[in-house]
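# Remarks on the overall topology
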Number of protein chains: 2
Amino acid sequence: MAPAPTATTLGGEGTTSHRLATTVAGNGAHEGAFKAMVGNKAGVAKNAARYVLAPDVTAEAFEAFIDEAKQAVGADNVHVNLSASIEDHERGDYLHQPRFHDFFPIDELDKYMASAAIQPASVEEVQAIVRAANKHGQPLHTVSIGRNLGYGGSSPRLRGTAILDLKRMNKILEINEKSAYALLEPGVSYFELYEHLQKTGSNLWVDCPDIGWGSVVGNACDRGAGYTPYGDHWMFRSGLEVVLPNGELVRTGMGALPDNDTWQCFPYGFGPYHDGIFSQSNLGIVTKMGIWLMPNPGGYEPFLITVPRKEDLGPMMDIIGQLRVRMVIQNAPTVRHVLLDAACLKSKAQWTGSDTGAPLGEEEIEKIARELNLGYWGFYGALYGPEPVRQGIWQAIWGSFQQISGAKSFFEKDVGPESILHSRAKTLAGIPNLLELDWISWRENGAHNFFSPISAVTGEAAVAQVQLVEEKARKYGFDFMNTLIVGLRELHNINCLVYNRESKEERDRMRACIHELIDEAAAKGWGEYRTHNEFMDHVAGTYNFNNGALAKLNDTLKDALDPNGILAPGKCGVWPKRYRGRNL
Amino acid sequence: MAPAPTATTLGGEGTTSHRLATTVAGNGAHEGAFKAMVGNKAGVAKNAARYVLAPDVTAEAFEAFIDEAKQAVGADNVHVNLSASIEDHERGDYLHQPRFHDFFPIDELDKYMASAAIQPASVEEVQAIVRAANKHGQPLHTVSIGRNLGYGGSSPRLRGTAILDLKRMNKILEINEKSAYALLEPGVSYFELYEHLQKTGSNLWVDCPDIGWGSVVGNACDRGAGYTPYGDHWMFRSGLEVVLPNGELVRTGMGALPDNDTWQCFPYGFGPYHDGIFSQSNLGIVTKMGIWLMPNPGGYEPFLITVPRKEDLGPMMDIIGQLRVRMVIQNAPTVRHVLLDAACLKSKAQWTGSDTGAPLGEEEIEKIARELNLGYWGFYGALYGPEPVRQGIWQAIWGSFQQISGAKSFFEKDVGPESILHSRAKTLAGIPNLLELDWISWRENGAHNFFSPISAVTGEAAVAQVQLVEEKARKYGFDFMNTLIVGLRELHNINCLVYNRESKEERDRMRACIHELIDEAAAKGWGEYRTHNEFMDHVAGTYNFNNGALAKLNDTLKDALDPNGILAPGKCGVWPKRYRGRNL
């Protein structure tokens, strides 16, 4: 077999795809948006070698593994020449045939290239693949659908790992109206779950993240966030089925009791409660999950509150924090930097006449805010429940904002058709959509990276984090824009850093910027909740209390459950013994 | 050294202690109640041998361990002659010096007798004890305070295990008013936390279980329940510090990032989320925990709704389930069998003129209900928030109950001073108390065992579970009484089975009854969420999907983290390799 290539050329016939979501509104919007986004082939070289190999896996072992995989799932569901299969998929059904690479590579695309993609259709097929992987030493990286584009897409942390793509396992196994839950396979997308509930006249709401094409199970496993009262996806979940790295099948919580009817009602079961070690994890493959669904609250009204000045962020966050911890604010709302809204509507070049790459100054940002009739910060929230309940809550919220001069409030009736409030109105009601894809087109050949530290829901913490990230973004030549998701007691501070994916120089700058941010944030006691493959080891390294005691615990668990180092080596900084300390 | 005794005589100068809580109302009520309860020495023999030994631990190894323990924590904090130390404690401060045995033994007291009790005052001392235990092969059983009386008290699962009692580690390390949490050591009781918050004028509420003398950390680790909106103690928690079985200290979640300020704000951190494996677990010793506290909701009103007929349970549960899953019911309320209320007020002999041991018939139960002006079932709930909010919620709740003929509602002003509504009013507001101790005195020399299966919050499931447990209780000669705690989507069905602890014949019957219940419940798909030492292996054995795959996972984790089998062998059915399969 040919040796693995050391690099793949980025570039090619790159076409810019602005306004991804809005230009494909209407029927089939999500497929169209996806197609538009991948129009430039994301820099895959035409003449890439047939496959790359993981360290210490010989071509013979890999081919033997692939043969067994084909026997297990059928040759049609095993893809080895991934650059070719990417082209196939572009001609096919984009929503149901995810591509197997990083959409927004920050290093060379080749760095996190998979060797193969395998698409089982059942738990038994997953088990067979896992057993074959153990036999031949072939690492596997699981994706539920693979649409986690902001954090590496489908790409594995370790080059040459084979992707185990669970999109074909897309059964909605149960919807329980009375106890308000769904039991799902990992391939079910938010769109599919929502459409099923609509079609069947269910009274239950979904909670979805900004982009609705991803996996419900996958998002929860990655501890993603949504925006309704059920916004903490890991919390509002009950019961896992997991294929362990040795191929054994376990059910957690009440699921371990045969023929039970409480697996999705009570997460804990009896004895140690395992679910958490299978989140952001390479210790097992989740093949079923129960998700709690919110009964229709009997009324709903989204709103926007804007504050005019940059320095209003502190007082605003203190108000929101106190309303949230008292559960006056019922859900997980967001506070958005005005440039994020601006970027959803037009590109930087369209706003300013050119895209030099240099970050905008405060005057330019304020000019855009005036033009949009938005403040510097926008608080997108919602009220849930019958009218009298909503009115009482609104009085408490809007009353609290009276202490910020110039604060304005808007309901959907108050804003024009272009307002982001309309798309947030969907998301805050758990209606999946793709409209947030648009801000990625802020820049020519736009790609993005999330820098996502956690903070307390206080003005002091939010302001300090924004200052740090903005300073670094400007230092490295990027615009600062962010969205702060308000959890019960924490902010997910999602900094959305947009760059030109066709420019190696920009990618290098972005990488340097984020490495510096990780270090400086850690020095202030702030850690990230999730990150791209490129930064996993670095972020994991900041969680180093007591000489890395938690990393040692992770190593112990990894070695015990996955002695052959099969599952997702390096995910979230956890390496199996075979690769540990090798700087891969 | 003397060999371990094979049995200890139960009995002695047993005095009956009725009305434990109510007779000691006023200052120091909890200490008094505890003293009254232990008045008969719970059957500890006067002439017990000095200590018992764990299997495979020689007297030499044990004594060497004890010597090192004394060096680590001081000789005053190491107790070897436990029957003597029990007597010491009876003369001392009962709340702060817990006893080290099972209050309500169902087998002989000796069966779960500890060899020693060690009381460290710091994390470093805990680590020193754990290292000494590894060196000498001495098993350790951690108790935070040891007041988990319904499930075995302080007693270890494996006879001869030494108790690691953390009561001296009782610092309230932080109260954060803004983010609404406490950081606690394990020795802090609900009473202490509540009193601290009162004393400092805090705006934060505690959520406490029925009995307020236990450990906040310990109750959460055992996945106990309370009754405010924060009733799921494991859910409303963020951040652990854990001494692992090898003596290493880890902090989970954001705690692994040095000098962070989000450890108690965001539980998950980065990478695998470990906390769950340290609950109901023998994989680590929790030395710090963050607990979320509820800000004063701005108004509060407890209520009682009674329904007259036994068969009203089904419709009642369906109503409650739908109100709860819609979060109209804001908290974790309870539905109680009338005998539980009756038993809190008077003993069986006082109610019926005699205590033959035979269970009451339906006519006698209904007579008691009439006398108390209660229904057959009482739904004790509460409304939280300002008056208009409470009124809206009450209209929705009471409106739903109109479909049950004869349903009656009561607020505190509507009931006499003896009503259980007054003690529930405290508990539902997180005010720790001991009033629920009283129902244990239903029988002469009352002791109790909880049989606690989980069900869905549906009428069908609740009625079916009650039928099964009631049938078995009567078959074995016990009165049936229970309390159903309503979680978000599950009922904790706590069946409170009271027996005479001085009667070996009754204890044998109770044991047989519960073993039969475990089997028959499992056959119907119901599992227990917690159990007494005596039933741990049996309950764990019912969680046997796929040939006990979850038990094998527990074994793998146990062997990896605790290769010497030091921590709490057998807890929740998880045994270390050294004792596995030995029927201990």
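Residues numbered from 1 in each chain as written. Chains lettered and ligands numbered in written order. Predicted model: local features only at pLDDT ≥ 70, side-chain atom pairs only at ≥ 80, totals over all residues. Heavy atoms only, no water.

- Going by what an unreviewed UniProt entry lists, chain A is known as FAD-linked oxidase-like protein and is assigned to Acaromyces ingoldii.
- In UniProt, chain A has this text filed under Cofactor (unreviewed entry): "FAD". (UniProt positions renumbered as here; feature names shortened; annotations may be inferred.)

## Brief notes about the relation of the copies chain A and chain B
- The transformation that overlays chain A on chain B combines an axial shift of 0.0 Å with a rotation of 180°, and the residual RMSD is 0.0 Å. Taken together, the turn and the small shift mark the pair as related by a two-fold rotation axis.
- Of the residues that chain A buries at the interface, 100% are likewise interface residues in chain B, meaning the two copies contact each other through the same surface. (Least-squares fit on C-alpha atoms with pLDDT ≥ 70 in both. Contact = heavy atoms within 4.5 Å.)

## A look at the pattern of salt bridges
Residues and elements named next belong to chain A.
- Scanning the entire structure with this criterion turns up 81 salt bridges over all chains.
- Between Arg309 and Asp312 there is a salt bridge; the shortest N-O distance is 3.3 Å.
- A salt bridge links Arg474 to Glu362, with the shortest nitrogen-to-oxygen separation between them at 3.3 Å. With Arg474 in helix H13 (residues 459–475) and Glu362 in helix H10 (residues 362–372), this residue pair connects regions lying 112 residues apart in the sequence.
- Taken together, the salt bridges that share partners define one network made up of Asp107, Lys111, Lys504, Asp508, Arg511 and Glu534. (Salt bridge = Lys/Arg side-chain N within 4 Å of Asp/Glu carboxyl O. Helix = DSSP H or I, 4+ residues; strand = E, 2+ residues; numbered from the N terminus.)

## Details of the sheet that holds strand S6 (residues 181–184) of chain A
Residues and elements named next belong to chain A.
- Read across the sheet, five strands follow the order S5-S6-S10-S8-S9 without closing on themselves; strand pairing throughout is antiparallel. The sheet is open, and its two edges are formed by strand S5 (172–176) and strand S9 (249–251), each paired on a single side. On average, adjacent strands in this sheet sit at an angle of 10° to one another, irrespective of strand direction.
- In terms of strand pairing, strand S8 (residues 237–243) meets S9 through three bridges, oriented antiparallel. What sits directly across from Val243, in S9, is Leu249.
- Sitting on the sheet, helix H5 (residues 190–199) touches S5 and S6, and the angle it makes with S5 is about 50°. (Pairing = 2+ DSSP bridges. Axes fitted to C-alpha atoms, helices over the stretch in contact; angles between N-to-C directions.)

## Re the state of the cysteines
- Applying the stated rule across the entire model yields zero disulfides over all chains.
- In this structure Cys344 of chain A is a free cysteine whose sulfur lies 9.0 Å from that of Cys496 of chain A, the closest cysteine sulfur available.
- On the accessibility criterion, Cys344 of chain A (5% relative accessible area) is buried.
- Cys221 of chain B provides the cysteine sulfur closest to Cys572 of chain B, a residue in no disulfide bond, and the two sulfurs are 12 Å apart. (Disulfide = S-S within 2.5 Å. Buried < 20%, exposed > 50% of the residue type's maximum accessible area, 1.4 Å probe, protein only.)

## Some words on helix H11 (residues 387–400) of chain A
- Along its 14 residues, H11 of chain A runs 20 Å from first to last C-alpha, staying within 8% of the 20 Å computed at 1.5 Å per residue.
- Lining the buried residues of H11 of chain A we find strand S12 (300–307), helix H7 (313–325), strand S14 (377–384) and strand S15 (408–411) of chain A. (Expected span 1.5 Å × (residues − 1).)

## Examining the interface of chain A and chain B
- With 85 residues of chain A at the interface, the matching set in chain B holds 85 residues.
- Summing the contributions of chain A and of chain B, the shared interface buries around 7,500 Å²; its carbon and sulfur component is 67%.
- Between the two partners, chain A and chain B, sit four salt bridges.
- As a salt-bridge pair, Lys552 of chain A and Glu248 of chain B come within 3.7 Å of each other at their nearest N and O atoms.
- Inspection of the chain A/chain B interface yields 35 residue pairs in polar contact (both at pLDDT 80 or more). (Buried area = accessible area lost by both parts, 1.4 Å probe. Polar contact = N/O pair within 3.5 Å; in protein donor to acceptor, adjacent residues only side chain to side chain.)

## A closer look at the domain arrangement of chain A
All names here are of chain A.
- According to the domain assignment, chain A contains domain 1 (22–165), domain 2 (172–295), domain 3 (300–535) and domain 4 (543–573).
- Summed over both partners, the interface of domain 1 with domain 4 comes to about 680 Å²; 62% of that surface belongs to carbon and sulfur atoms.
- Of all residues in domain 1, Asn134, Leu140 and Arg157 bury the most surface against domain 4, accounting for 51% of the area lost on that side.
- The tally of links between domain 1 and domain 4 comes to zero salt bridges.
- For the side of domain 1 that touches domain 4, the elements supplying multiple residues, two or more each, are helix H4 (123–136) and strand S3 (140–143).
- Residues of the side of domain 1 that touches domain 4, tallied by class, amount to four nonpolar, five polar and one charged. (Domains from an automatic or database assignment. Nonpolar A, V, L, I, M, F, W, Y, C, P; charged D, E, K, R; others polar.)

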